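Below are the chains, spelled out letter by letter.
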Amino acid sequence: MFVYVHDEQLDLIFKTLGDATRRRILDLLQERSERSLFEICASFAAADGKSLSRQTISQHLDMLERAGLIITSWKGRTKTHSLNVAPMQVATNQWLKKYL
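The structure displayed is predicted, hence computed values, not measured ones.

> For the UniProt feature "domain: HTH arsR-type" (unreviewed entry) in the protein, give the residues involved together with the corresponding values.
On the UniProt side, "domain: HTH arsR-type" (unreviewed entry) is annotated at positions that read residues 12–93 here. Split by type, residues 12–93 is 62% helix and 17% strand. Its first and last C-alpha atoms lie 16 Å apart.

Encoded structure:
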């Protein structure tokens, strides 16, 4: 089944993927889903010793969520984030595939 998204949503997906920090967050969520903001921040600090503020990571998570690339859920009082590959598959099928 082919799912179509409008140009604005496709633009948002590609804009979101155009940032290295957001791609790194997606890599983390691919390794293990349902990560909290704290776990994502800690992973950044552990990987290269450079930490990003919770506010910065939160802004990146918001952009990823608006593009549909992550799904959030609540585990008690903790908000968790998981990868959603469906928008990337749609972007590939709708636009990238013709160039591959």
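Continuing now.
> Please provide a residue-by-residue account of the packing of aromatic side chains, values included.
For the coordinates displayed, the defined rule picks out two aromatic pairs. Between Phe14 and Trp95, the aromatic rings sit 5.7 Å apart at their centres with planes inclined by 70 degrees, giving edge-to-face as the arrangement. Residue Phe14 is located in helix H1 (residues 7–17), and its partner Trp95 is located in the segment after helix H5 (86–94); the two are separated by 81 residues in the primary sequence. Between Trp95 and Tyr99 the ring centres are 5.0 Å apart and the planes differ by 50 degrees, which places this aromatic pair in the tilted class. We classify Trp95 as partly exposed; its relative accessible area is 36%. A network of ring pairs unites the aromatic residues Phe14, Trp95 and Tyr99 as a single cluster.

> Quick rundown of the environment of Lys79? Include the residues and the values.
Of note, Lys79 is situated in strand E3 (residues 78–83). Residue Lys79 is classed as partly exposed on the basis of its relative accessible area, which comes to 32%. Residues contacting Lys79, with those up to four places away along its chain left out, are Arg35, Ser36, Leu37, Glu65, Thr72, Ser73 and Trp74.

> Quick rundown of the environment of Ala45? Include the residues and the values.
Structurally, Ala45 can be placed in helix H3 (residues 37–48). With relative accessibility at 29%, the residue Ala45 sits in the partly exposed group. Linking Ala45 and Leu28, residues 17 residues apart in sequence, is a C-alpha distance of 13 Å. Not counting chain neighbours up to four residues away, the residues in contact with Ala45 comprise Lys50 and Ser51.

> Tell me what's going on with the nonpolar core, and back it up with residues and numbers.
Core analysis: the biggest nonpolar cluster contains 21 residues, and Ile25, Ile40, Ile57, Leu61 and Leu64 have the highest contact counts within it. For this core, the secondary structure elements donating two or more residues are H1, helix H2 (20–31), H3, helix H4 (54–66) and H5. Each residue touching Leu61, except ones within four places of it in the same chain, is listed here: Ile25, Leu37, Ile40, Ile70 and His81.

> Got a sec to walk through the packing of H2 against H4? Specific residues and values, please.
Packing of H2 against H4 brings their axes to within 10 Å, and their N-to-C directions diverge by 80 degrees. It follows from the interaxial angle that H2 and H4 lie roughly perpendicular. For the pair H2 and H4, the contacting residues are Thr21, Arg22, Ile25 and Leu26 in the first and Ile57, His60, Leu61, Met63 and Leu64 in the second. Of the residues contributing to the contact of H2 with H4, the split by class is six nonpolar, two polar and one charged.

Calculation rules
- Residues numbered from 1 in each chain as written.
- Predicted model: local features only at pLDDT ≥ 70, side-chain atom pairs only at ≥ 80, totals over all residues.
- Heavy atoms only, no water.
- UniProt positions renumbered as here; feature names shortened; annotations may be inferred.
- Helix = DSSP H or I, 4+ residues; strand = E, 2+ residues; numbered from the N terminus.
- Phe/Tyr/Trp six-rings, centres within 6.5 Å; stacked < 30°, edge-to-face > 60°.
- Buried < 20%, exposed > 50% of the residue type's maximum accessible area, 1.4 Å probe, protein only.
- Contact = heavy atoms within 4.5 Å.
- Core = buried A, V, L, I, M, F, W, Y, C linked by side-chain atoms within 4.5 Å.
- Axes fitted to C-alpha atoms, helices over the stretch in contact; angles between N-to-C directions.
- Parallel < 35°, antiparallel > 145°, perpendicular 65-115°, else oblique.
- Nonpolar A, V, L, I, M, F, W, Y, C, P; charged D, E, K, R; others polar.

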